[in-house]
There are 2 protein chains.
Amino acid sequence: MKRTHENGTLHACDAGKEVTLVGWVQKRRNLGSIVFVDLRDRSGVVQITFDETISEKVKEVRSEFILQVTGTVQMRKDANPKMATGEIEVLAKDVVIVNRAETAPITISDDTDTNEDTRLKYRYLDLRRHVLQQNLILRHRVCMAARNLLDSEGFVEIETPILARSTPEGARDYLVPSRIYNGKFWALPQSPQIYKQLLMISGMEKYFQIARCFRDEDLRSDRQPEFTQIDIEMSFGDEDTIFGVVERLMKAIFRECISAELEDTFVRIPYSECMRLYGTDKPDLRFGNTITELNDIFKDTEFQVFRSVLDTDGIIGALKFSEAASKYSRKGIDKLQDFVKHGFKAKALAWLKQENGTLSGSIAKALSDAEKAALSEKLSLADGDLVLIIADQAKIVRSSLGALRVRLGHELDLIEKDVYKFLWVTDFPMFEYSEEENRWVASHHPFTAPKEEDVRYLFSDPGRVSSRAYDLVLNGYELLSGSIRIHDQDLQEKVFEAIGLTMEEAQERFGFFLQAFRYGTPPHGGVGIGLERLVMVLAGTDNIRDVVAFPTTNSSLDLMSDAPNVVDRAQLDILGIEITKNNND
Amino acid sequence: MKRTHENGTLHACDAGKEVTLVGWVQKRRNLGSIVFVDLRDRSGVVQITFDETISEKVKEVRSEFILQVTGTVQMRKDANPKMATGEIEVLAKDVVIVNRAETAPITISDDTDTNEDTRLKYRYLDLRRHVLQQNLILRHRVCMAARNLLDSEGFVEIETPILARSTPEGARDYLVPSRIYNGKFWALPQSPQIYKQLLMISGMEKYFQIARCFRDEDLRSDRQPEFTQIDIEMSFGDEDTIFGVVERLMKAIFRECISAELEDTFVRIPYSECMRLYGTDKPDLRFGNTITELNDIFKDTEFQVFRSVLDTDGIIGALKFSEAASKYSRKGIDKLQDFVKHGFKAKALAWLKQENGTLSGSIAKALSDAEKAALSEKLSLADGDLVLIIADQAKIVRSSLGALRVRLGHELDLIEKDVYKFLWVTDFPMFEYSEEENRWVASHHPFTAPKEEDVRYLFSDPGRVSSRAYDLVLNGYELLSGSIRIHDQDLQEKVFEAIGLTMEEAQERFGFFLQAFRYGTPPHGGVGIGLERLVMVLAGTDNIRDVVAFPTTNSSLDLMSDAPNVVDRAQLDILGIEITKNNND
């Protein structure tokens, strides 16, 4: 088929040219004997004018018909500034109806009003919307930029199996029954973790893969059963080396995909400091308003609420928002109260406002003048400031103030637009105590290296051991996590012991993988970057389905093909399985 | 860890430099108090010399230990021409043992003598061999070259689902039970075919994906349960457009990966001519020796064997091999007899040799002088020529002569080395008759377009209809297949009718996919290129496991992780399935 130009690329400078275009009819308007058609292809839309000499030929044409049009580009009498090609139009000389279309069951336009489920059912039509096509192209650009950068740094992309071994604890593993070996199963990997570490053992030194991962999630709004990870692992490096690679990678992606220049080196904060300042390990650094701990000010307080919190090892934390006092009425603050009580189990939210040099608010009367003065100094209070205070167990104070900080950040419009604030959070705790299992468990995974200086606490005080795990956070989203791995067998055995795993049990769970460590394992570490999350940030969307070509719903259904679906009895026979439980309709 | 150079990159010009290297001990030799170590990293191997001042430190070092060595590059007294770095060595000043290694259970060297199963079990060690690492790097280079070329031509890589809908005939589909919807299943796609056609319907125009595909194969030597396809689809093009993309793609890959320059345009042969000349649709064009049909010469023959073949619509086909007469004794020809009889059901193999202007051989006495003269002229026979003749049904003649051609091509060393002969085979038959099902079935898939001029035979003579399906053949291997698809609903219904499918049945099988065609489907077509096959040709290996990081055995077992494996009863309970048949040990 002849085609000389892409519709969206035509400009005033093309005026006078004869062009042949193809595309879908976005819109058709009759003006007496003249017909206007907006013709859409992947590049964009251009207006075609069919005058009385030819309009008869497009009489039957409707939305989503496919046309091939030959004509002359000419300047429009009244330009349409909303269209990229709005200065020009194409006066048709010849037209071929390439294919017909029934009436589409959804509205195909960027401001579509069709509900999401219907659009998911007709995903192939919804994908005709410019915004979704641009998102898919952006995703492609991100992958190209990532591959080119990593390739240029000597990383080799290696495909690891999707049909893999099931692990005993793989409750989130998708299983695949074997036809040849009835009674046995493959599992779809949640990440290429084991394979990439094996590739380090095999001496590939620098590996990456834009890898499909699978996780049979419970129903959550922002997850898909399959997702993609920019997976990286390297040998003979440390945090500095790996962070350097990732920083150059991010800079390349942001520069090439959205022309944004990132800062040269990203901020690093240890986990404990991050929690103290932001109440979360995923802080949004696009605004300040960090948490201030007030324990020192109130160490001798007679205010009973604070007194009892301090006496039971709790903390008193405060957030200050400048010029916010007038924006939160009593009712507004009540909503914040509910928010922290119901969402974060905080017992109460105290608040203060400074007006005309005086503090008022829920606890103003309970505090001594000295305490108020100290508070004012510590927080550098000025007229119009709003202070939110929570006194409780550290965990509750941090999570509720962390959430309040983000909430008010949005409500007060404190968040800078088009700004990308990256942050490395390092030194995550090696273990967390599982009340359920009544033992220490690995926070990341049991192959993560502890910090060398903390190895001595492995048994005496596991909660004190920091690991060499790290996250990269962008604008409040966790973009990746990773770690330096253990490469020393003795240390690995100690870590297993610390989480109450005997070597026999470890062997049973990780078998061949542990064996591999015996034959010369290099120091290594890496990261896994959530591709969808990254593209979402770049595309400026909060909906993961906007950056996935054929997504499932929140409830893990593919509405387009109606999957998962019931299969023939005969297919199950071949696999040697039968259905014992059926929770379908 | 400090590291200034990669081991394999050191050259004479580095002499005098102080370097810090890391790597695995490939070999260790003691020469009294001097110790030589070949230190290997991904880039190659270099010799380190530990003199008496330092050799004590490497006393305990054995093969596969990891060392970090600082020293000075110096010229060797006697260069080792077999090593890329053989002109130089590094005189060690300092050494750190980074990690220890137990004795490896396989021989880690390119000429390893360990059997393949053991090497597959310890794949992470086998992957330390230079040749395998180079293959993985080559595979990466191929993918980079493919992506860069396709990207530069406006193709967008789009990830399509791996958890997909099962099709009723999917006996080769891997099924995945759903945990959330017990009783329902996902299927792993054998190719992204349906998704890529939907992307054309959605107007993405130019799609590609280096896509993982899954096929639950019966046990065959050259297949893996999962494999990778360079999958391409485009709208508004025809065969010329698509072939052009693929030809530029191949040229880019061969140039960038193995510095080979391919011809500008690849030869095209219609299927029927290909079968006539080569007896196969995957001919190796690196040598000639095409099949000559002799029916016209023998149309009036009285030689009973030929007579009866011609009277029953059979054909007489011949291969000529110059200067081969002396290389095939009676016994040698007997082997060829057995080959065509047992392998291809040929009733007999006739042969002739020309010596001193005279024809001798199995049928020499049965032919008339005129027939011999005509034969000699037709085949341009010369002294020393060997002629192999089979008279039988066309199918048998072609398959057996096609196979004989390849066999003698190898035996007589007729195949040019380091030559890449590409060939488009076009116009494949649209249908083939299934004796089993007693009906015509689609040769490619039922969405393949028939040739326009053959549409009139759809019902009257289905066997006569050629399709717009094509293969690209390289050196006798099928590298890709593809087709122009049907985009017209009426034609699609006719094709279903021709294979005896009612619209109801079609709806049941292809449902949502057929519906998608109603809303404005562009003309489109594409290809799927077998990545492993392509890399095998580039790497010069016949073993698919040489180009896959973690392959399975011929019997679909992952010996390294021992998968597929038995899973916990509890995991199956969650999935709502149980095992009914168990063919494990």
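Cut-offs and rules
Residues numbered from 1 in each chain as written. Chains lettered and ligands numbered in written order. Predicted model: local features only at pLDDT ≥ 70, side-chain atom pairs only at ≥ 80, totals over all residues. Heavy atoms only, no water. Salt bridge = Lys/Arg side-chain N within 4 Å of Asp/Glu carboxyl O. Helix = DSSP H or I, 4+ residues; strand = E, 2+ residues; numbered from the N terminus. Buried < 20%, exposed > 50% of the residue type's maximum accessible area, 1.4 Å probe, protein only. Contact = heavy atoms within 4.5 Å. Buried area = accessible area lost by both parts, 1.4 Å probe. Polar contact = N/O pair within 3.5 Å; in protein donor to acceptor, adjacent residues only side chain to side chain. Nonpolar A, V, L, I, M, F, W, Y, C, P; charged D, E, K, R; others polar. Pairing = 2+ DSSP bridges. Least-squares fit on C-alpha atoms with pLDDT ≥ 70 in both. pLDDT = per-residue confidence, 0-100. Domains from an automatic or database assignment. Axes fitted to C-alpha atoms, helices over the stretch in contact; angles between N-to-C directions. Arc of directions from axis to C-beta.

With that settled, the discussion passes to the pattern of salt bridges. The tally for this structure, following the rule as stated, stands at 90 salt bridges over all chains. Across the pair Asp392 of chain A and Lys347 of chain A runs a salt bridge whose closest N-O atoms are separated by 3.0 Å. Remark: Lys347 of chain A occurs in the loop between helix H8 (330–344) and strand E14 (350–355) and Asp392 of chain A occurs in strand E16 (residues 386–392); sequence separation between them is 45 residues. Taking the relative accessible area as the measure of exposure, Asp392 of chain A reaches 2% and is therefore buried. Among the residues examined, Lys347 of chain A registers a relative accessible area of 60% and is labelled exposed. Salt bridges sharing common partners tie together Arg139, Arg212, Glu226 and Glu532 of chain A together with Glu159 of chain B.

With 127 residues of chain A at the interface, the matching set in chain B holds 128 residues. Between chain A and chain B, the buried area comes to about 11,700 Å², and carbon and sulfur atoms account for 56% of it. At the surface where chain A touches chain B, the tally comes to 14 salt bridges. A salt bridge links Glu157 of chain A to Arg147 of chain B; its shortest N-O distance comes to 3.6 Å. Our count for the contact surface shared by chain A and chain B stands at 70 residue pairs in polar contact (both at pLDDT 80 or more). No other element matches the ten residues that helix H3 (residues 130–152) of chain A contributes to the side of chain A that touches chain B. Here the residues of the side of chain A that touches chain B are counted per class, giving 63 nonpolar, 32 polar and 32 charged. Relative to strand E23 (residues 577–579) of chain B, strand E23 (residues 577–579) of chain A runs antiparallel, the two being bridged by three bridges. Looking at the pairing, Ile579 of chain A lines up with Ile577 of chain B of E23 of chain B.

What follows concerns the relation of the copies chain A and chain B. Taken as rigid bodies, chain A and chain B are interconverted by a rotation of 180 degrees and an axial shift of 0.0 Å, the fit giving an RMSD of 0.1 Å. The superposition of one copy onto the other is thereby described by a two-fold rotation axis. Most of the interface of chain A is mirrored in chain B, where 100% of its interface residues are also at the interface.

This paragraph deals with the confidence of the model for chain A. Residues with a pLDDT of 70 or more make up 99% of chain A, whose mean pLDDT is 94. Overall fold confidence for the complex sits at a pTM of 0.95, while the interface term, ipTM, reaches 0.94.

To continue, consider the domain arrangement of chain A. All names here are of chain A. Assigned domains within chain A: domain 1 (7–99), domain 2 (111–164 + 174–268 + 528–585) and domain 3 (287–415). Measuring from the centre of the C-alpha atoms in domain 1 to the corresponding centre in domain 2 gives 39 Å. Each partner contributes to the interface: domain 1 provides five residues, whereas domain 2 provides five residues. Where domain 1 abuts domain 2, roughly 390 Å² becomes buried across the two surfaces, and 44% of that area is made up of carbon and sulfur atoms. Between Glu64 and Arg128 there is a salt bridge, with its nearest N and O atoms 2.9 Å apart. Where domain 1 meets domain 2, there are one residue pair in polar contact (both at pLDDT 80 or more). Residue composition of the side of domain 1 that touches domain 2, by class: one nonpolar, one polar and three charged.

All names here are of chain B. Taken together, eight strands build an open sheet; the order of strands is E6-E9-E10-E22-E21-E20-E17-E11 and the sheet is mixed. The open sheet terminates on both sides in strands that have one partner only, identified here as strand E6 (156–157) and strand E11 (267–270). Bridge count between strand E20 (residues 469–474) and strand E21 (residues 477–484): six bridges; the pairing is antiparallel. Bridged to Val473 within E21 is Glu478.

Time to look at the sheet that holds strand E3 (residues 44–50) of chain A. Residue and element names in this part refer to chain A. The mixed closed barrel is built from five strands, whose spatial order is E1-E2-E3-E5-E4. This sheet shows a mean twist of 55 degrees between the axes of neighbouring strands, independent of strand direction. Inspection of the sheet shows E3 paired to strand E5 (residues 88–99) by two bridges, in the parallel sense. Within E5, the residue paired with Ile48 across the bridge is Val90.

Another point: helix H6 (residues 271–278) of chain A. For an α-helix the count is 3.6 residues per turn, leaving residues at separations of three or four pointing the same way. Residue and element names in this part refer to chain A. For H6, every residue scored as buried is listed here: Cys274, Met275 and Tyr278. Down the axis, H6 shows its buried residues gathered within 100 degrees of arc, on one side only. Looking at the buried positions of H6, the neighbouring elements they touch are strand E11 (267–270), helix H10 (394–411) and strand E17 (422–426). Phi turns positive, to about 70 degrees, at Gly279, one or two residues after H6.

Residue and element names in this part refer to chain B. When you tally the buried positions in strand E14 (residues 350–355), you get five out of six residues, the bulk of the element. Inspection of the sheet shows E14 paired to strand E16 (residues 386–392) by four bridges, in the antiparallel sense. Its bridge partner lying in E16, Ala350 is registered against Ile389. Sheet topology note: the E14/strand E15 (residues 358–361) ladder contains four bridges and is antiparallel.

Our focus in this paragraph is the environment of Tyr519 of chain B. Considering the arrangement of structural elements, one finds Tyr519 of chain B in the loop between helix H12 (503–516) and strand E22 (524–530). When its relative accessible area of 4% is taken as the criterion, Tyr519 of chain B is described as buried. For the pair Tyr519 of chain B and Asp126 of chain B, spaced 393 residues apart in sequence, the C-alpha separation works out to 53 Å. Residues within four places of Tyr519 of chain B in sequence aside, it is in contact with Glu64, Arg100, Ala101, Glu102, Thr103, Ala104, Pro105, Tyr122, Tyr124, Leu125 and Arg128 of chain A.

Our focus in this paragraph is the pairing of strand E13 (residues 315–321) of chain A. Residue and element names in this part refer to chain A. Burial within E13 is extensive, with six of its seven residues counted as buried. As paired elements, E13 and E16 share seven bridges and run antiparallel to each other. Directly across from Gly317, in E16, lies its bridge partner Ile390.

With that settled, consider the environment of Ala350 of chain B. Residue and element names in this part refer to chain B. Inspection of the secondary structure assignment puts Ala350 in strand E14. You can call Ala350 buried: its relative accessible area is 9%. Along the chain, Ala350 and Asp296 lie 54 residues apart, while their C-alpha atoms are 18 Å from each other. Excluding residues within four positions of it along the chain, Ala350 makes contact with Ser362, Ile363, Val387, Leu388 and Ile389.

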